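Structural overview
As a plain string of letters, each chain reads:
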Amino acid sequence: MTTWHIILLGSIAVLALKAAGWLVPPKALDHPTVARVSDLLTAALLAALICVQTFGAGQSLQLDARLPAVAIAAGLYALRVPFIIVVPAAAVVAAVIRLFT
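Since the structure is predicted, the reported quantities are computational estimates derived from the model, not experimental observations. Residue positions are given per chain, counting from 1 as you read along its sequence in written order. In view of the model being predicted, local features appear only for residues whose pLDDT reaches at least 70, and side-chain atom pairs are presented and counted only at 80 or more, with totals across whole chains, interfaces and linings using the full set of residues. Side-chain metrics in this entry use all non-hydrogen atoms of the structure; hydrogen atoms and water are not considered.

1. Side note on the side chain of Thr 54
Mapped onto the elements of the fold, Thr 54 is located in helix 3 (residues 32-55). Separated by 2.7 Å, the side chain of Thr 54 and the backbone oxygen of Ile 50 make a polar contact. Residues within four places of Thr 54 in sequence aside, it is in contact with Gln 62, Asp 64, Arg 66, Leu 67 and Val 70. The numbering of helices and of strands both runs from the N terminus, where a helix is a DSSP run of H or I of at least 4 residues and a strand a run of E of at least 2. N or O atoms closer than or at 3.5 Å make up a polar contact, with two conditions inside protein: a donor-capable atom paired with an acceptor-capable one, and, for residues adjacent in sequence, both atoms drawn from side chains. In what follows, residue pairs with any heavy atoms lying within 4.5 Å of each other are defined as contacts.

2. A short note on a nonpolar patch on the surface
Candidates for patches are residues over 30% relative accessible area with no salt bridge; among them, like charges are joined within 9 Å and nonpolar side chains (Val, Leu, Ile, Met, Phe, Trp, Tyr) within 5 Å. Computed by Shrake-Rupley with a 1.4 Å probe, the accessible areas treat only the displayed protein chains as cover when residues are assessed. Basic side-chain nitrogens of Lys or Arg form a salt bridge, by our definition, when they fall within 4 Å of a carboxyl oxygen of Asp or Glu. Taken together, the side chains of Met 1, Ile 6, Leu 9 and Ile 12 present a nonpolar region at the surface, about 470 Å² in accessible area. Locating Ile 6 in the fold gives a position in helix 1 (residues 3-22).

3. Quick word on the packing of helix 3 against helix 4 (residues 66-78)
A fitted line through C-alpha atoms represents every axis, and for helices the fit uses only the stretch in contact; the resulting angles, taken between N-to-C directions, go from 0 to 180 degrees. Where helix 3 contacts helix 4, the two axes come as close as 9 Å, and the packing angle between them is 145°. Once helix 3 is placed against helix 4, the crossing between them reads as right-handed. Across the interface between the two elements, Gln 53, Thr 54 and Phe 55 of helix 3 pack against Arg 66, Leu 67 and Val 70 of helix 4. For any helix crossing, the convention is left-handed if the near helix is rotated counterclockwise from the far helix by under a right angle, and right-handed if that rotation is clockwise.

Distances and angles like these do not, on their own, reveal function.
The structure is reproduced here in structure tokens:
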């Protein structure tokens, strides 16, 4: 199976999931538990993606300059610093750490 086959199969699967979403009755989505779970699930998936991209290296755990950069970004976000400042600050932290290691 080539990469293009995998891309096409993934695209078809995503399209099928989107089509299946239209078949769910709106009344089922208005239930408070379903609405709460769907709101929290989005944040949980984003947090999981950030963790995998920050700490993962193939099948192993890798702690490098990305960890302090993400920590700085999280701290700046906690202080409500604008995004336009957070990203360069985290990049500078990672670059300085990589320069000296």
